[in-house]
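# Structural overview for review
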Amino acid sequence: MAHAGLAAVRRGLAELDREGLRRARRVLDSPQGPVVREGGRELANFASNDYLGLANHPRIVAAAREAVDRFGFGAGASPVVVGHSRAHEEAEVAFARFTGLPRALLFPSGYAANLGILAALADRSAAVFGDRLNHACLVDGALLSRADFHRYPHGDLAALDALLARSKAGVRVIASDTVFSMDGDVAPLADLLALAERHDAWLVLDDAHGIGVLGGGRGSLAEFGLASPRIVCMATLGKALGGYGAFVAGDADMIEWLMQRARTYVFSTALPPAAAAVATAAMALIDADPSIVRALHARIGEFRRACEAQGVAASSATAIQPVVVGDSGRAVALSARLREAGLLVPAIRPPTVPQGTARLRISLSAAHTRVQVESLVSALAQALDDGSAR
Ligand SMILES: *Cc1c(COP(=O)(O)O)cnc(C)c1O
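Residues numbered from 1 in each chain as written. Predicted model: local features only at pLDDT ≥ 70, side-chain atom pairs only at ≥ 80, totals over all residues. Heavy atoms only, no water.

## Brief notes about the site of the ligand
Taken together, 13 residues sit near the ligand, with G110, Y111, D206, H209 and K239 positioned nearest. At 2.7 Å, a backbone N or O of G110 approaches an oxygen atom of the ligand. Within the side chain of H209, one N or O atom sits 2.5 Å away from an oxygen atom of the ligand. Taken by itself the ligand offers 380 Å² of open surface, and the protein chains cover 85% of this. Residue composition of the shell around the ligand, by class: 3 nonpolar, 7 polar and 3 charged. (Near = heavy atom within 4 Å. Polar contact = N/O pair within 3.5 Å; in protein donor to acceptor, adjacent residues only side chain to side chain. Areas by Shrake-Rupley, 256 points an atom, 1.4 Å probe, with all protein chains shown as cover. Nonpolar A, V, L, I, M, F, W, Y, C, P; charged D, E, K, R; others polar.)

## Observations concerning helix α15 (residues 370-385)
The end-to-end C-alpha separation of α15 is 23 Å, in line with the 22 Å expected for 16 residues at 1.5 Å each. All buried positions along α15 are accounted for by V373, L376, V377, A379, L380, A381, A383 and L384. (Helix = DSSP H or I, 4+ residues; strand = E, 2+ residues; numbered from the N terminus. Expected span 1.5 Å × (residues − 1). Buried < 20%, exposed > 50% of the residue type's maximum accessible area, 1.4 Å probe, protein only.)

## Looking at the packing of aromatic side chains
Within this structure, the stated rule accounts for 2 aromatic pairs. Relative to F247, the ring of F95 has its centre 4.2 Å away and its plane inclined at 15°; by these criteria the two rings are stacked. Within this pair, whereas F95 is found in helix α4 (residues 86-99), its partner F247 is found in strand β9 (residues 246-250), the two being separated by 152 residues in sequence. For F95, a relative accessible area of 0% gives the class buried. Of the residues examined, F247 reaches a relative accessible area of 0% and is grouped as buried. For the ring pair F107 and Y265, a centre distance of 5.3 Å and an interplane angle of 55° mean the geometry is tilted. Taken together, the residues F107 in strand β3 (residues 103-107) and Y265 in helix α11 (residues 263-266) connect sequence positions 158 residues apart. Taking relative accessible area as the criterion, F107 reaches 0% and is therefore assigned buried. (Phe/Tyr/Trp six-rings, centres within 6.5 Å; stacked < 30°, edge-to-face > 60°.)

## Some remarks on the nonpolar core
Of all hydrophobic cores here, the largest spans 89 residues; its most connected members are L52, I174, F247, L296 and I362. Of the residues forming this core, the biggest block, 9 residues, is contributed by helix α12 (residues 273-288). Counting contributing residues, this core receives three or more from each of domain 1 (25-56 + 290-389) and domain 2 (58-288). Residues within four places of I174 in sequence aside, it is in contact with F129, Y152, L160, L164, L192, L195, A196, A201, W202, L203 and V204. By size, the runner-up hydrophobic cluster in this structure holds 26 residues, among which are V173, V204, M234 and M254. (Core = buried A, V, L, I, M, F, W, Y, C linked by side-chain atoms within 4.5 Å. Domains from an automatic or database assignment. Contact = heavy atoms within 4.5 Å.)

## Notes on the sheet that holds strand β13 (residues 358-363)
Judged by pairing direction, the sheet is antiparallel, and its 3 strands sit side by side in the order β10-β13-β12 without closing on themselves. Edge positions in the sheet fall to β10 (320-326) and β12 (347-348), since each has one partner strand and no second. Two elements, β10 and β13, share 6 bridges in a ladder whose sense is antiparallel. Note on β13: the bridge partner recorded for V323 is L360. On the sheet, helix α14 (residues 328-340) packs against β10, β12 and β13 and is oriented at approximately 35° with respect to β13. (Pairing = 2+ DSSP bridges. Axes fitted to C-alpha atoms, helices over the stretch in contact; angles between N-to-C directions.)

Pasting the structure below:
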């Protein structure tokens, strides 16, 4: 019996192979950290979003253990049924205090949070405006909402202003990454808020790469001193905070609405209580020891100075450092070459980034040493100079 669906899948896989775009996973035999083990091999890890080295920090591991002892593992149900434990409650209160926002809600993941936010705040009669380089889940959330969806060129405030001015939608939503995930650049947040005020819009900010990194760890809003009941702030826990899950925070009525209406909140099992306890512990750790966030920024400074000395273009002020090489094949060859040298640096290709902008994406961590960072830059400069990588 012919199976049209499976035939289409096989054609799709063959096409990925032809274009050199099929992804393979590596199997790690160690925790996340500045060095990871794959089989018998140790690799310096510049691929993880564990920007503060918390994923395997003793205090985080201890918080998870204690929570498992107290609450067991599974949450058992949606938070609105019986899945919301004391650990979840405490994490939400801690996040609101940590960011200075009125109220917070714990979502199953950042991806789920963005889908839930956009589909709950926007409907068919609304309009959503998103930066072209936004993360996939802000795009998918806008599509799921069935609102009119407009994408503006990256960082182009004049284009966004013009789109907003033309819109007749009753509810308008601007959605943007704060720190763009493949470039490490920061959105013009104060200007976006000014546009949200001028055009009476929500401003949904995805702080996945800002939380733990900017504002002394409190995120992009703290970094730029921004506050407004128009801001909906989403922060993932899977990156700098070393855990899993996500918070959404902002105006108390808006959060109450998400709790009632965000489908990815209501119709999904609550996070394991241990994930909530880990989030609380990560925020306490950042509060108690500001040197952790400072160490990340020291590594960022060292990386940039080493790049400048070696003639490698690097301009990001965050933990994400792209080295754009253009051609996908070249990016993959460079990544393979660095790997031979014991350095894990992923090649990022279309469709994750626009055509012709394939790159290496280096992630820095507070857990790296200065020597590791400088060795990386030397190896990188050598690989970029070397014709064999082309
Ligand atoms: C990783 C990421 C997400 C998704 O968060 P998860 O908690 O991993 O689902 C959302 N937005 C951005 C910008 C991200 O980088």
